[in-house]
Each structure stands twice: as C-alpha cells, then as structure tokens.
Amino acid sequence: KKDITSWVIGDGSIIWPLPSYLLEQPSRESLQLLEPTTLLSISRQDVDELKRTHGVFRDMECRLMERYIVLYDMRIQLLLLKANERLDAYRQAFPD
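All figures in this text were calculated on a predicted structure; none of them were measured in a lab.

Asks: I keep staring at helix 3 (residues 55–79) and nothing clicks. Help me out?
Replies: Turn by turn, an α-helix covers 3.6 residues, leaving residues three or four places apart pointing in a common direction. Relative to the 36 Å expected for 25 residues at 1.5 Å per residue, helix 3 spans 36 Å between its end C-alpha atoms, a close match to the ideal helical length. Of the residues making up helix 3, those classed as buried are E61, Y68 and R75. Looking at the packing, one finds that the buried side of helix 3 touches helix 1 (18–23) and helix 2 (44–53).

Asks: Looking at this structure, I do not really get the environment of S27. What am I missing?
Replies: Examined against the element boundaries, S27 turns out to sit in the loop between helix 1 and helix 2. At 3.0 Å, the side chain of S27 forms a polar contact with the backbone nitrogen of E29.

Asks: I tried to follow the side chain of S20 on my own but got confused; where do I start?
Replies: Note that S20 resides in helix 1. In this structure S20 comes out as buried when scored by relative accessible area, which is 18%. Ignoring anything within four residues of it in the chain, the contact list for S20 reads Q25, P26 and S27.

Asks: Hey, could you run me through the nonpolar core in this one?
Replies: In globular proteins that are soluble, nonpolar side chains generally tend to be buried together. Residues W16, L18, Y21, V47 and Y68 constitute the largest nonpolar core, which totals 5 residues. Here Y21 is in contact with W16, R44, V47, D48, K51, E61 and M65, once residues within four sequence places are set aside.

Asks: Would you mind showing me how to read the packing of aromatic side chains here?
Replies: Where two aromatic rings form a pair, the distance of their centres and the angle of their planes describe that pair. Under the criterion given, the structure shown has 2 aromatic pairs. Ring centres 5.1 Å apart and planes at 65 degrees place the aromatic pair W16 and Y21 in the edge-to-face group. On the basis of relative accessible area, W16 is assigned to the buried category, the value being 16%. By relative accessible area, which is 11% here, Y21 ends up buried.

Rules and cut-offs
Residue positions are given per chain, counted from 1 along the sequence in the order it is written. Given that the model is predicted, a residue must reach a pLDDT of at least 70 before its local features are reported, and side-chain atom pairs must reach 80 or more before they are shown or counted; all residues, however, enter totals for whole chains, interfaces and linings. Derived side-chain values reflect all non-hydrogen atoms in the structure, with water molecules and hydrogen atoms excluded from consideration. Segments assigned H or I by DSSP are reported as helices when at least four residues long, segments assigned E as strands when at least two residues long, and all are numbered from the N terminus. Expected span, for any helix, means 1.5 Å times one less than how many residues it has. Residue exposure (1.4 Å probe, protein chains only): buried if accessible area is under 20% of the type maximum, exposed if over 50%, otherwise partly exposed. Whether two residues are in contact is decided by their heavy atoms, any of which lying within 4.5 Å being enough. In protein, a polar contact means a hydrogen-donor-capable atom and an acceptor-capable atom, both N or O and within 3.5 Å, with residues adjacent in sequence counting only if both atoms are side-chain atoms; elsewhere, any N or O pair within 3.5 Å suffices. Take the buried residues of types Ala, Val, Leu, Ile, Met, Phe, Trp, Tyr and Cys, join any two whose side-chain atoms come within 4.5 Å, and each joined set is a nonpolar core. Think of it this way: a Phe, Tyr or Trp ring, Trp meaning its six-membered ring, pairs with another when their centres are within 6.5 Å, and the plane angle makes it stacked under 30 degrees, edge-to-face over 60, tilted otherwise.

This is the structure in structure tokens:
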C-alpha cells in the first residue's frame, strides 16, 4: 500500500475528517505530526450535546463545514500539481 500525503496543515488548524464525521464511521486517513504537538479531540456525541445546549456550536459547525468544502476543493486542485508546485503553494499559504 502506498502512502500519499493528501493534506498538509499549519499551526492552529482544525483537523476534521468531514465524511467520517457525517457518516459516523472511522476515517481512513491518519496523522503524521512533524513536530511536538498538542492534539485535542471531541466525540460526535459531545459535539451533538453542545449543539443542543449552545446554539453557537450549531453556527460553528456550519462555518467549519463551509471551510472544509472550500479547503477540500483547494486540496483537489493541489493534487493535480507536481510535488514541487504543491510545496510552493504550501509555503505561500503558510510562510512561517
């Protein structure tokens, strides 16, 4: 099986495997952290409870879904580029 880097993100980003979340199935993706990292997680049940009790979380979920869709489209476009072009695009997006 071949490893493919399909998603690269910078500091302070939210990792949200939307298909896994919506279908309530394990994700096929895995994480590779390149430096010491604090990783926080929340269960789907806890998210649902927060949405039920605090309306702001419903709004936040909607905004995250919108952002994911835009990033997913960008991700598809990046996969069509050569590796060095993807690296250049990443460096432009995350100059630090």
